[in-house]
Amino acid sequence: MTRFTPFFFALVTSTAMAASDDMQGMDHSQMDHGQMQSMDEGQMQPAAPGESRTPTPVLTDADRAAVYVDPAGHRVHDSTLNSFFLADKLEWQDADDGSTLAWDLSGWIGGDIDRLWLRSEGERSNGVTEDAEIQALWGHAISPWWDVVSGVRQDFKPGAPQTWAAFGVQGMALYNFEAEATAFIGEGGQSAVRLEGDYDILLTNRLILQPTVELNAYGKNDPQRGIGAGLSNTEAGLRLRYEIRREFAPYLGVSWNRTYGNTADYANDEGEDHSEARLVLGVRLWF
């Protein structure tokens, strides 16, 4: 087989030389430049970094309208009926004249803007109801944190039952201070104002100290109910609660009650002190 090698080598060499002579003899000026320009320039020249090979279509008015149309509307409690109940105070008090059961309850039912509010507070001493009232108010939100309220208040004790018209504001002031200011107009031209506030101080995530204050003032004397004109009484409290669950928290604390002016005189006539401090033990719950 070795004697055929020079023959094949000579044949391959002569073929390559002939092909080279043909290429050198070509007239490049006769090439079809139109065919060269029809080549895919995208394959010849790669895209620059960050540049898309697919062009972005022009934004149209139909595209903009499709973004902002919301056929179903914004639904966050808009058409949903919700409710809430809070027993802020449900407690036993060690009063001078015996044990006392006191309560301060509130709740609402409604939507984001308009709600029906119910409030009740009072106390029973030695099995006898000495003070009790209930309020039914319609609340309308005027901001994310404040409502205006109006409705009626019904007193059951002390004295004979009495009905009041009520209107006021309630909400959250600076630094999460809960506040209520309510004015009342009663039968026979009686008038009253009540201011309430409380604040939660987080000692830990579950141990919370709550100072509270309530102030009542009346427009004129009402001897039958032991109420004097002007500043009638105040109640200040300090309660320490532990939230076993957010919805359930036992607490203990102190409460200080004081009467003023003619109200204090009426209390003295009944043999009652015009100032009293009480130890309290209770539970706070909501659902």
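Up top is the structure.
Residues numbered from 1 in each chain as written. Predicted model: local features only at pLDDT ≥ 70, side-chain atom pairs only at ≥ 80, totals over all residues. Heavy atoms only, no water.

K.L.:
Run through the overall build of the chain, naming residues and quoting values.
P.N.:
If you tally the helices and strands in the chain, you get five helices and 13 strands. The burial tally for the chain puts 29% of its 287 residues in the buried class. Summed over its atoms, the accessible surface of the chain is roughly 18,900 Å², and 62% of this surface lies on carbon and sulfur atoms. (Helix = DSSP H or I, 4+ residues; strand = E, 2+ residues; numbered from the N terminus. Buried < 20%, exposed > 50% of the residue type's maximum accessible area, 1.4 Å probe, protein only. Areas by Shrake-Rupley, 256 points an atom, 1.4 Å probe, with all protein chains shown as cover.)

K.L.:
Account for empty space enclosed by the protein, with residues named and values stated.
P.N.:
Tallied over the full model, the rule gives one cavity of 30 Å³ or more. Within this model, the largest cavity holds a volume of roughly 40 Å³. Forming the boundary of the largest cavity are Asp88, Gln210, Arg239, Arg241, Tyr251 and Arg284. When its residues are assigned to classes, the lining of the largest cavity shows one nonpolar, one polar and four charged. (1 Å grid on protein atoms, 1.4 Å probe; cavity = no way out; pocket = protein on both sides within 12 Å on 5 of 7 lines; lining within 4 Å. Points joined across faces, edges and corners; volume = space filled by probe spheres on them. Nonpolar A, V, L, I, M, F, W, Y, C, P; charged D, E, K, R; others polar.)

K.L.:
Could you give an account of the environment of glycine 171, naming the residues involved and the relevant values?
P.N.:
If you trace the backbone, glycine 171 turns up in strand 6 (residues 162-172). Owing to a relative accessible area of 13%, glycine 171 belongs among the buried residues under this scheme. Each C-alpha atom of the pair glycine 171 and tryptophan 145 lies 5.4 Å from the other, and the pair is 26 residues apart in sequence.

K.L.:
Before we move on, can you summarise unusual backbone geometry with the specific residues and values?
P.N.:
Here lysine 157 and proline 158 are connected by a cis peptide whose omega angle stands at 0 degrees. Residue position: proline 158 is located in the loop between strand 5 (146-157) and strand 6. A positive phi angle, close to 60 degrees, is found at tyrosine 175, a residue other than glycine. When you line up the elements, tyrosine 175 lands in the loop between strand 6 and strand 7 (178-186). Judged by relative accessible area, which is 69%, tyrosine 175 ranks as exposed. The phi angle at asparagine 176 is positive, at roughly 60 degrees, despite the residue not being glycine. Along the chain, asparagine 176 turns up in the loop between strand 6 and strand 7.

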